Amino acid sequence: LALLSEDGEILKNFLEEDAAVCAEYGQNLGTDSTKLFFTPEELKGCGDEFIQARLDKDEKEKCTVTLKYPDIIPIGNNCEVAETRQK
């Protein structure tokens, strides 16, 4: 990038702050133990394999879902129930 030295320093500071915030976010997400519980119907569209892997883990006839990648991304991309995606 062809920036003035002052602008380059500002950009460098922004990038360092961004990296620190991203690292903190990753650490917080990694230690988060939040669990949400849904019926298989509330996870419509996520696929039987996804649902069966989470069914009856913590609550009978409910699927246990965490805020970690293997759970949250498929729900956001595939779940047909808007209320579920919003939770």
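Quick caveat: nothing in here was measured; it's all calculated off a predicted structure. (Residues numbered from 1 in each chain as written. Predicted model: local features only at pLDDT ≥ 70, side-chain atom pairs only at ≥ 80, totals over all residues. Heavy atoms only, no water.)

Turning our attention to the overall build of the chain. Helix and strand counts for the chain come out as four helices and two strands. Listing every helix and strand of the chain by position from the N terminus yields α-β-α-β-α-α. The C-alpha extent of the chain, read off along each of the three principal axes, is 60 × 25 × 20 Å. The proportion of buried residues among the 87 residues of the chain is 16%. Per element, the accessible surface of the chain, about 6,600 Å² overall, is 53% carbon and sulfur. Taking the average location of the 10 positive side-chain charges in the chain and that of its 19 negative ones, the two points are 9 Å from each other. (Helix = DSSP H or I, 4+ residues; strand = E, 2+ residues; numbered from the N terminus. Buried < 20%, exposed > 50% of the residue type's maximum accessible area, 1.4 Å probe, protein only. Areas by Shrake-Rupley, 256 points an atom, 1.4 Å probe, with all protein chains shown as cover. Lys, Arg positive; Asp, Glu negative; His and termini not counted. Charge placed at Lys NZ, Arg CZ, Asp CG, Glu CD.)

Note on terminology: disulfide describes a covalent bond linking the sulfur atoms of two cysteines. Following the criterion strictly, the structure yields zero disulfides and no others. There is no disulfide at Cys63, and the cysteine sulfur nearest it, in Cys46, is 8.9 Å away. (Disulfide = S-S within 2.5 Å.)

Judged by nonpolar contacts, Phe38, Leu43, Cys46, Phe50, Ile51, Cys63, Val65, Ile75, Cys79 and Val81 together constitute the single largest core of ten residues. Broken down by secondary-structure element, the contributors of at least two residues to this core are helix H2 (48-54) and strand S2 (63-66). (Core = buried A, V, L, I, M, F, W, Y, C linked by side-chain atoms within 4.5 Å.)

Together, Glu9, Glu16, Glu17 and Asp18 give the surface a local cluster of negative charge. Inspection of the secondary structure assignment puts Glu16 in helix H1 (residues 5-31). (Patch = residues over 30% accessible without salt bridge, like charges linked within 9 Å, V, L, I, M, F, W, Y side chains within 5 Å. Salt bridge = Lys/Arg side-chain N within 4 Å of Asp/Glu carboxyl O.)

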